[in-house]
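Here are the chains, one letter per residue:
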Amino acid sequence: MEAAKVLDAKGLACPMPVVRTKKAIEEINAGEILEVHTTDKGSKSDLTAWAKSGGHELVKEAEEGDVFKFWIKKA
């Protein structure tokens, strides 16, 4: 999946991955994909809820070792 922007939020604790995601998604156009990489286990529920509340679409999520990856389509 091709992302318009990749956000490296690895090593950041809650709520920083969501704060950085919010800022990064403002920098892309509607319909584009933001790829987010985190290591915070709480990010799965936090980013899922954040995307839904903002009207964005969580297109895909994956776990690679200690890294959680999310692809969010901007509304």
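Keep in mind that this is a model prediction, so the values were computed, not measured.

Criteria and thresholds
- Residues numbered from 1 in each chain as written.
- Predicted model: local features only at pLDDT ≥ 70, side-chain atom pairs only at ≥ 80, totals over all residues.
- Heavy atoms only, no water.
- Core = buried A, V, L, I, M, F, W, Y, C linked by side-chain atoms within 4.5 Å.
- Buried < 20%, exposed > 50% of the residue type's maximum accessible area, 1.4 Å probe, protein only.
- Helix = DSSP H or I, 4+ residues; strand = E, 2+ residues; numbered from the N terminus.
- Contact = heavy atoms within 4.5 Å.
- Pairing = 2+ DSSP bridges.
- Right-handed = clockwise from strand over helix to strand, strands pointing away.
- Axes fitted to C-alpha atoms, helices over the stretch in contact; angles between N-to-C directions.
- UniProt positions renumbered as here; feature names shortened; annotations may be inferred.
- Phe/Tyr/Trp six-rings, centres within 6.5 Å; stacked < 30°, edge-to-face > 60°.
- Lys NZ or Arg CZ within 6 Å of the ring centre and 35° of its normal.

## Things to note about the nonpolar core
- Membership of the largest hydrophobic core comes to 14 residues, with the highest contact counts inside it found for L7, I25, L34, V36, W50 and I72.
- Sorting the residues of this core by element identifies β1 (5-9), α1 (16-25), β2 (33-38), α2 (43-53) and β4 (67-73) as the ones contributing at least two each.
- Sequence-distant contacts of I25, that is, excluding residues within four places in its chain, are made with L34, W50, H56, I72 and K74.

## Observations concerning the pairing of β2
- Buried residues dominate β2, accounting for six of its six residues.
- Alternating positions in β2 separate into two faces, I33, E35 and H37 on one and L34, V36 and T38 on the other, with burial throughout.
- Pairing of β1 with β2 involves five bridges; the strand directions are parallel. Looking across to β2, one finds that D8 is bridged to H37.
- Between the parallel pair β1 and β2, the chain is carried across by α1, and the sense of this crossover is right-handed.
- Taken together, the six bridges between β2 and β4 define a ladder with antiparallel strand orientation.

## Some remarks on the sheet that holds strand β3 (residues 57-64)
- Taking strand neighbours across the sheet as the criterion, the four strands line up as β1-β2-β4-β3 in an open arrangement whose pairing is mixed. Edge strands, defined here as strands with exactly one partner in the open sheet, are β1 and β3. The sheet shows a mean angle of 15 degrees between the axes of neighbouring strands, direction not considered.
- Where α1 meets the sheet, its contacts fall on β1, β2 and β4, and the angle it forms with β1 comes to roughly 160 degrees.

## Observations regarding the UniProt feature "domain: UPF0033" (unreviewed entry) in the protein
- Mapped onto this numbering, the UniProt entry gives "domain: UPF0033" (unreviewed entry) at residues 7-31.
- The annotated region residues 7-31 carries 40% helix and 12% strand content, and the separation between its end C-alpha atoms amounts to 17 Å.

## A few points about the packing of aromatic side chains
- Evaluation of the coordinates by the stated rule reveals zero aromatic pairs.
- When the ring centre of W71 is taken as origin, the NZ or CZ atom of K60, which lies over that ring, is 4.9 Å away.

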